Amino acid sequence: EIAEGSEFLRLQVEGGGCSGFQYKFSLDTVINPDDRQGQRDILVIRCGARVVVDVDSLAFVKGSMVDFSQELIRSSFQVVSNPQAEKGCSCGTSFSIKI
């Protein structure tokens, strides 16, 4: 429902968080030339939303699973499993990469 019509969910990876990198989700309507849409070989989408990721962020999330989580204290889109991550923090938004 959040990403119906022309809007889609954008997944980006930024430096920061308690583990070095953090996931950032936002709604967007513009697909840039370097964007990749979530496909089986890129991301596993369990939340039903259309997901787009830029090429720079793709290196950090390729093969990941994106899902929508509903808990008592929050509801959010999350990267549930990321094969590129070595470890993550307990909040689920920050991670360190495998070297």
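That block above? That's the structure.
All values reported here derive from a predicted model rather than from experimental measurement. (Residues numbered from 1 in each chain as written. Predicted model: local features only at pLDDT ≥ 70, side-chain atom pairs only at ≥ 80, totals over all residues. Heavy atoms only, no water.)

Student: What is the right way to look at the overall build of the protein in this model?
Tutor: Counting secondary structure elements, the protein contains one helix and nine strands. Along the protein, helices (α) and strands (β) appear in the sequence β-β-β-β-β-α-β-β-β-β when read from the amino end. Sequence-distant contacts in the protein: of pairs separated by 6 or more residues, those separated by 24 or more amount to 33%. As displayed, the protein offers around 6000 Å² of accessible surface, 49% of which is attributable to carbon and sulfur atoms. (Helix = DSSP H or I, 4+ residues; strand = E, 2+ residues; numbered from the N terminus. Contact = heavy atoms within 4.5 Å. Areas by Shrake-Rupley, 256 points an atom, 1.4 Å probe, with all protein chains shown as cover.)

Student: Please clarify how the nonpolar core should be interpreted in this entry.
Tutor: Burial of nonpolar side chains together is a common tendency in soluble globular proteins. Counting 15 residues, the largest nonpolar core has Leu11, Tyr23, Leu43, Val51 and Val61 as its most contacted members. Looking at this core, the elements that each hand over two or more residues are strand 1 (8-16), strand 5 (51-54), helix 1 (55-61) and strand 7 (75-81). Considering every element that reaches this core, the biggest residue donor is strand 1, with three residues. (Core = buried A, V, L, I, M, F, W, Y, C linked by side-chain atoms within 4.5 Å. Buried < 20%, exposed > 50% of the residue type's maximum accessible area, 1.4 Å probe, protein only.)

Student: What exactly am I supposed to notice about the environment of Ile97 here?
Tutor: By the element assignment, Ile97 lies in strand 9 (residues 94-97). Given the relative accessible area of 24%, Ile97 is considered partly exposed. Considering only alpha carbons, one finds Ile97 and Phe60, 37 residues apart in sequence, at a separation of 7.4 Å. Those residues in contact with Ile97, other than ones at most four positions away along the chain, are Phe21, Phe60, Gln84, Ala85 and Glu86.

No statement about biological role is implied by the geometric values presented.
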